Number of protein chains: 4
Amino acid sequence: MSPAEFLADHETNLGGHLAIRFTSHQRDCVTAEMTAQKTHLTIGGRVHGGAIMAFADTVAAYGAVLNLPSEQHGTTTIESKTSFLGAGEPGAVYAESRPLHRGRTTMVWETTIRSQSRKVIAMVWQTQMVLQPR
Amino acid sequence: MSPAEFLADHETNLGGHLAIRFTSHQRDCVTAEMTAQKTHLTIGGRVHGGAIMAFADTVAAYGAVLNLPSEQHGTTTIESKTSFLGAGEPGAVYAESRPLHRGRTTMVWETTIRSQSRKVIAMVWQTQMVLQPR
Amino acid sequence: MSPAEFLADHETNLGGHLAIRFTSHQRDCVTAEMTAQKTHLTIGGRVHGGAIMAFADTVAAYGAVLNLPSEQHGTTTIESKTSFLGAGEPGAVYAESRPLHRGRTTMVWETTIRSQSRKVIAMVWQTQMVLQPR
Amino acid sequence: MSPAEFLADHETNLGGHLAIRFTSHQRDCVTAEMTAQKTHLTIGGRVHGGAIMAFADTVAAYGAVLNLPSEQHGTTTIESKTSFLGAGEPGAVYAESRPLHRGRTTMVWETTIRSQSRKVIAMVWQTQMVLQPR
């Protein structure tokens, strides 16, 4: 998968639907933001945990794509763990994904989610499998 | 939070947006389904991991709400772990949430996600904090 | 790695040190027990979380070994998640490991830890990588 | 629980048994080391995952104890997630625990485990419940 393919797909899938916008992308750091609209919020005005997990999964997966050995390789999330650390107020939500491990067969990425006031509201750690070319 | 309040909120937030429909709700088992439309899918036709995690979070949270000591109590997800076990084809996706632990201060719920062919495509385990009345 | 090699290694490593004894071993279920002695307990008389995690890791890893395609294949734990659900009294502690997924490159195992009174005190989910012959 | 009580307990439980030695302890960072002896190793010469998880649990729990509001409060690990990132050679193993969140009812701690060559071999994230005085 090429980065361009990832982004084209993203536009039409859940990531685009949640209006996730990538703001920088390097091999060792990808950042993005989304605006927590009504559909992203729970009754208490918190950012929906599901929106946070989908956001992090998208940003870290893009990071993994940027580190694939070739465009014939692919990647899939095999597991993901989130700790919710605080409530996010409506407004912008920011993600920053960094690799903890980039191996030949797996990668581990950490994503920090911050609210508009830049308070950390969640941390996500996920394992990406590197899929060999078929 | 009452179950009715949860459901009313659900309709307008991410859960409703993903068209998650509850199909049964007992204190020890909640089931739901959603249809994996284009926005729920990735380029490879897999159900988006983010949609799966948001789905599970919603269903298990409803289970937790059904077990709160009173409608003055609340609940919030403090952490969530997902293992992705297989690709889901487009079509219906099913969730079944069951409690592994229902304590006074925390609950742990397990959600099994199946694809239309009833194959297990993900397992989600999450810890819900029981929030005391303010 | 053969099951016999695993067990021989086990005797001299942490598993043997914690006096973990396998009580049954089938490809889809491995059981074991250990006795929670002073070194396995914390000041409050709870079974030490570390002893529980080491116990589960050992039992599930043996389950994975029993499912390797050949004795030339190996396995290693790539990640593990534990939920502690209750305090364990001193005495016997029981583990039961079952596979949630047995794929060509990864397996996911679930281990239920029970105290002497057969109360569930922890659940452990871990991903095993299947290592190809070198 | 006071820090002194924690350390006295530690000496006689699994932590002492694994010869874990604290090397510094501040409220926002606790470090420790242990020597990976034969009982800490697997057949392949890797540090046993169980020893790593027990090590991290001990160090982060001590960090949590240092942050309790009073000595009448207690703490217990409610869940723990480990990612194994590389093999550790025999010799010293180092742990460094830092808080990601210190709330009134829960804390989240991150522990980095390094081998003698200072390579990161595992990361552990755990949630500690703060137990109110009885």
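Numbering of residues begins from 1 in every chain and follows the order in which that chain's sequence is written. Whichever chain is written first is A, and whichever ligand is written first is 1; the rest continue in order. At least 70 in pLDDT is required for a residue's local features to be given in this predicted model, at least 80 for side-chain atom pairs to be given and counted, and no such filter applies to totals for whole chains, interfaces and linings, which use all residues. Just so you know, side-chain values use all the structure's heavy atoms and leave hydrogens and water out.

> Would you take a moment to explain the packing of helix 3 (residues 49-66) of chain A against helix 3 (residues 49-66) of chain B for this structure?
What describes two packed helices is the angle between their axes and the distance between those same axes. Interaxial angle, 0 to 180 degrees, is taken between N-to-C directions of lines fitted to C-alpha atoms, where a helix line uses only the stretch in contact. Secondary structure elements are defined from DSSP: runs of H or I of at least 4 residues count as helices, runs of E of at least 2 residues count as strands, and each element is numbered from the N terminus. One way to put it is that helix 3 of chain A packs onto helix 3 of chain B with a least axis distance of 8 Å and a crossing angle of 160 degrees. Viewed along their axes, helix 3 of chain A and helix 3 of chain B adopt a mutual orientation that is roughly antiparallel. Taken as a pair, helix 3 of chain A and helix 3 of chain B cross one another with a handedness that is right-handed. Where helix 3 of chain A abuts helix 3 of chain B, its residues Gly49, Gly50, Met53, Ala54 and Asp57 of chain A lie against Gly49, Gly50, Met53, Ala54 and Asp57 of chain B. Residues are grouped as follows: Ala, Val, Leu, Ile, Met, Phe, Trp, Tyr, Cys and Pro are nonpolar; Asp, Glu, Lys and Arg are charged; all remaining types, including Gly, are polar. For the contact of helix 3 of chain A with helix 3 of chain B, a count of residues per class yields 4 nonpolar, 4 polar and 2 charged. To sort the angles, those under 35 degrees are grouped as roughly parallel, those over 145 as roughly antiparallel, those from 65 to 115 as roughly perpendicular, and the leftovers as oblique. Take the far helix as the reference: if the near one is turned anticlockwise from it by less than a right angle, the crossing is left-handed, and if turned clockwise, right-handed. Whether two residues touch is decided by their heavy atoms; if any such pair falls within 4.5 Å, the residues are in contact.

> I tried to follow the interface of chain B and chain D on my own but got confused; where do I start?
When the parts of a complex come together, some accessible area is lost, and that lost area is often taken as the interface size. Taken together, the contacts link 7 residues of chain B with 7 residues of chain D. When two parts are brought into contact, each loses some accessible area as probed by a 1.4 Å sphere; the total of that loss over both is the buried area. Interface of chain B and chain D: buried area, both sides summed, is about 400 Å²; carbon and sulfur atoms make up 81% of it. On the chain B side of the contact with chain D, Ile78, Glu79 and Met129 of chain B bury the most area, a combined 62% of that side's loss. When a carboxyl oxygen of Asp or Glu is within 4 Å of a side-chain nitrogen of Lys or Arg, the pair counts as a salt bridge. Where chain B meets chain D, there are 0 salt bridges. By the criterion applied in these results, polar contacts are pairs of N or O atoms within 3.5 Å in which, for protein atoms, one can donate a hydrogen and the other can accept it, and in which residues neighboring in sequence qualify only through two side-chain atoms. Put simply, chain B and chain D have 0 residue pairs in polar contact (both at pLDDT 80 or more) between them. Those elements that place two or more of their residues in the side of chain B that touches chain D are strand 3 (74-84) and strand 6 (120-131) of chain B. Considering each element in turn, the side of chain B that touches chain D owes the most residues, 3 residues, to strand 3 of chain B. Per-class residue counts for the side of chain B that touches chain D are 2 nonpolar, 3 polar and 2 charged.

> Can you help me understand the sheet that holds strand 5 (residues 106-114) of chain B in this one?
The strands that make up a sheet pair up through hydrogen bonds in the backbone, lying either parallel or antiparallel. At least two bridges found by DSSP between two strands are what make those strands a pair. The strand order across the open sheet formed by 12 strands is 1(A)-2(A)-4(A)-5(A)-6(A)-3(A)-3(B)-6(B)-5(B)-4(B)-2(B)-1(B), and the pairing between neighbours is antiparallel. What marks the edges here is a single partner per strand, and that holds for strand 1 (21-26) of chain A together with strand 1 (21-26) of chain B. On average, adjacent strands in this sheet sit at an angle of 20 degrees to one another, irrespective of strand direction. Alignment of strand 4 (residues 91-102) of chain A against strand 5 (residues 106-114) of chain A, held across 8 bridges, turns out to be antiparallel. If you follow arginine 102 of chain A over to strand 5 of chain A, its bridge partner there is methionine 107 of chain A.

> What am I meant to see in the relation of the copies chain B and chain D here?
Superposing the two chain copies requires a rotation about an axis and a translation along that axis. The copies were overlaid with a least-squares fit restricted to C-alpha atoms from residues scoring a pLDDT of at least 70 in each copy. Between the two copies, chain B and chain D, the superposition gives an RMSD of 0.0 Å; the rotation angle is 180 degrees and the shift along the axis is 0.0 Å. Expressed as an axis order, the relation between the two copies is that of a two-fold axis. Same-surface contact between copies: 100% of interface residues of chain B are shared with the interface of chain D.

> Please explain the sheet that holds strand 3 (residues 74-84) of chain D as it appears in this structure.
Reading across from one edge, 1(C)-2(C)-4(C)-5(C)-6(C)-3(C)-3(D)-6(D)-5(D)-4(D)-2(D)-1(D) is the order of the 12 strands in this open sheet, with antiparallel pairing throughout. The sheet is open, and its two edges are formed by strand 1 (21-26) of chain C together with strand 1 (21-26) of chain D, each paired on a single side. Ignoring strand direction, the axes of neighbouring strands in this sheet form an average angle of 20 degrees. One ladder, built from 9 bridges, connects strand 4 (residues 91-102) of chain C with strand 5 (residues 106-115) of chain C; its direction is antiparallel. The residue bridging histidine 101 of chain C from the neighbouring strand is valine 108 of chain C, located in strand 5 of chain C.

> Would you mind showing me how to read the relation of the copies chain B and chain A here?
Turning chain B through 180 degrees and shifting it by 0.0 Å along the axis lays it on chain A, with an RMSD of 0.0 Å. Here 100% of the interface residues in chain B have copies in chain A that are interface residues too; the copies meet face to matching face.

Fair warning: the whole summary comes from geometry, so function is off the table for now.
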